[in-house]
Amino acid sequence: MYRFLLTPRWWGINLFVVLAIPFCVFMGTWQLGRFEDRVQSHEQAEKQPDPSTRAAKPLDELLPVDKVTSGRPAVATGTYGEQFLVPGRELDERQGFYVLNLLRTEGGKALPVVRGWLPGTAGSVPVPAAPQGEVTVTGDLQASENIHSDGVNTRGGLPAGQLGMISAASLVNLVDYDVYDAWVTLPEAEAGGTGGAMKPVPAAAPQGSGLDLKAFQNLGYTGEWFVFAGFVLFMWFRLVRREAEAVRDVALGLVPEGGESGEAVGAADAAEPEAQPEGKAGGPAEPGAGAVGGATVAVKAPGSVQGS
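Residues numbered from 1 in each chain as written. Predicted model: local features only at pLDDT ≥ 70, side-chain atom pairs only at ≥ 80, totals over all residues. Heavy atoms only, no water.

## Here's the deal with the overall build of the chain
When you go through the chain residue by residue, the secondary structure sums to five helices and eight strands. In sequence order, the secondary structure elements of the chain are arranged as α-β-α-β-β-β-β-α-β-α-α-β-β. In the chain, which comprises 308 residues, the share counted as buried stands at 30%. Counting only contacts in the chain whose residues sit at least 6 apart along the sequence, the fraction spanning at least 24 positions is 64%. By element, 58% of the accessible surface of the chain is carried by carbon and sulfur atoms, the whole surface being about 19700 Å². (Helix = DSSP H or I, 4+ residues; strand = E, 2+ residues; numbered from the N terminus. Buried < 20%, exposed > 50% of the residue type's maximum accessible area, 1.4 Å probe, protein only. Contact = heavy atoms within 4.5 Å. Areas by Shrake-Rupley, 256 points an atom, 1.4 Å probe, with all protein chains shown as cover.)

## Side note on unusual backbone geometry
Of note, the amide linkage connecting Leu63 to Pro64 takes the cis form, showing an omega dihedral of -5°. Tracing the backbone through its elements, the reader meets Pro64 in the loop between helix H2 (59-62) and strand S2 (73-91). Despite not being glycine, Asp92 shows a phi value in the positive range, around 55°. Locating Asp92 in the fold gives a position in the loop between S2 and strand S3 (94-105).

## Concerning the pairing of strand S4 (residues 110-119)
Within S4, nine of the 10 residues are buried, which leaves the element mostly enclosed by the surrounding structure. In the sheet, S3 pairs with S4 via nine bridges, with the strands oriented antiparallel. Residue pairing for S4: Leu103 is matched across the bridge by Leu111. In textbook terms, the turn of a hairpin is the stretch between consecutive antiparallel strands, and for S3 and S4 this stretch comprises four residues, one of which, Gly108, has a positive phi near 95°. The sheet contact formed by S4 and strand S6 (residues 182-185) spans two bridges and is parallel. Within S6, the position partnered with Val114 by the bridge is Thr185. (Pairing = 2+ DSSP bridges.)

## Quick look at the nonpolar core
Among the nonpolar cores identified, the biggest contains 18 residues, and Phe84, Tyr98, Leu100, Leu102, Val114 and Ile166 are the most heavily contacted of them. When residues of this core are traced back to their parent elements, those giving at least two are S2, S3, S4 and helix H3 (168-171). Once residues lying within four places of it in the same chain are set aside, the contact partners of Val114 are Tyr98, Val99, Leu100, Ile166, Trp183, Val184, Thr185, Leu186 and Val201. With 17 residues, the next largest nonpolar core counts Leu59, Val65, Tyr80 and Ala182 among its residues. (Core = buried A, V, L, I, M, F, W, Y, C linked by side-chain atoms within 4.5 Å.)

## Details of the side chain of Arg115
Considering the arrangement of structural elements, one finds Arg115 in strand S4. A residue is classified by how much of its surface remains accessible, and Arg115, at 2% relative accessible area, is buried. Of the polar contacts made by the side chain of Arg115, one reaches the side chain of Asn101; its length is 3.0 Å. A polar side-chain atom of Arg115 sits 3.1 Å from the main-chain carbonyl oxygen of Pro128. (Polar contact = N/O pair within 3.5 Å; in protein donor to acceptor, adjacent residues only side chain to side chain.)

## So, the pairing of S3
Every regular strand shows the same layout, with side chains that alternate between the two sheet faces. The buried fraction of S3 is high, at nine of 12 residues. Where S2 meets S3, 11 bridges bridge the pair, whose relative direction is antiparallel. The residue bridging Glu90 from the neighbouring strand is Gln95, located in S3. Counting the residues between successive antiparallel strands, the hairpin from S2 to S3 contains two residues, one of them, Asp92, with a positive phi of roughly 55°.

Function-wise, these values are silent; they only describe arrangement.
As structure tokens, then:
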């Protein structure tokens, strides 16, 4: 009954099922592993002390920025150079912008420093001047932003002197010297009152270290892939059952439901010989004789009518 599974058509179906189910299980397991990694990272981050409370270290000792060094106080010495405004940044549920200056270090490389935040629209609000001469800054280390970071403007078209994303990739196109692939935010207002009007920007947690929306998306994708695997297996069993029932019906001489029942009956009627009128056994019916409602009526020549 199940020999149909060896036909070319079913070879294709079986191959698809054999490949699809392991693939769905693999993808579901991978998504589950991603969710578990995010949960583990979140638990480890909660057990660790606040990065900002740790001892400050030289910038070069904390690079590159990762989940461990993100938020750690970094120390750098240099002179402030170009200044950029970073619009569209929210703080305390208010819209405003960051004030960012590039700190030129002794090695010639520049470190982006977010000196603070101001409310209002960038370009229409006076900005406190940066300290002059050589300064030593201690700020919370942050990784370069990307298109998934909060507040990033990727549309472009900003006025001169404004920046949509705090990253080395964006800044190297605006200055003619190297820029660190990191930035720091000052935890307190600058000494001397030059930055007293600005609010410090708190350091953000590193991406992927918390149970954010992406973590629960991984969990949802896990369920979807396992559901797909079960659906493929269910449809295969259903197709096999229907095909087996059709083979059984053919073997028993039954007409499949919704099949060619009308044609079969018509063919049987056409094959049945025509009923012969009642007459002599084995001979033709008498001329002019016919059957009406089971009674025999004989029709004779005009002038004499007789019925029985």
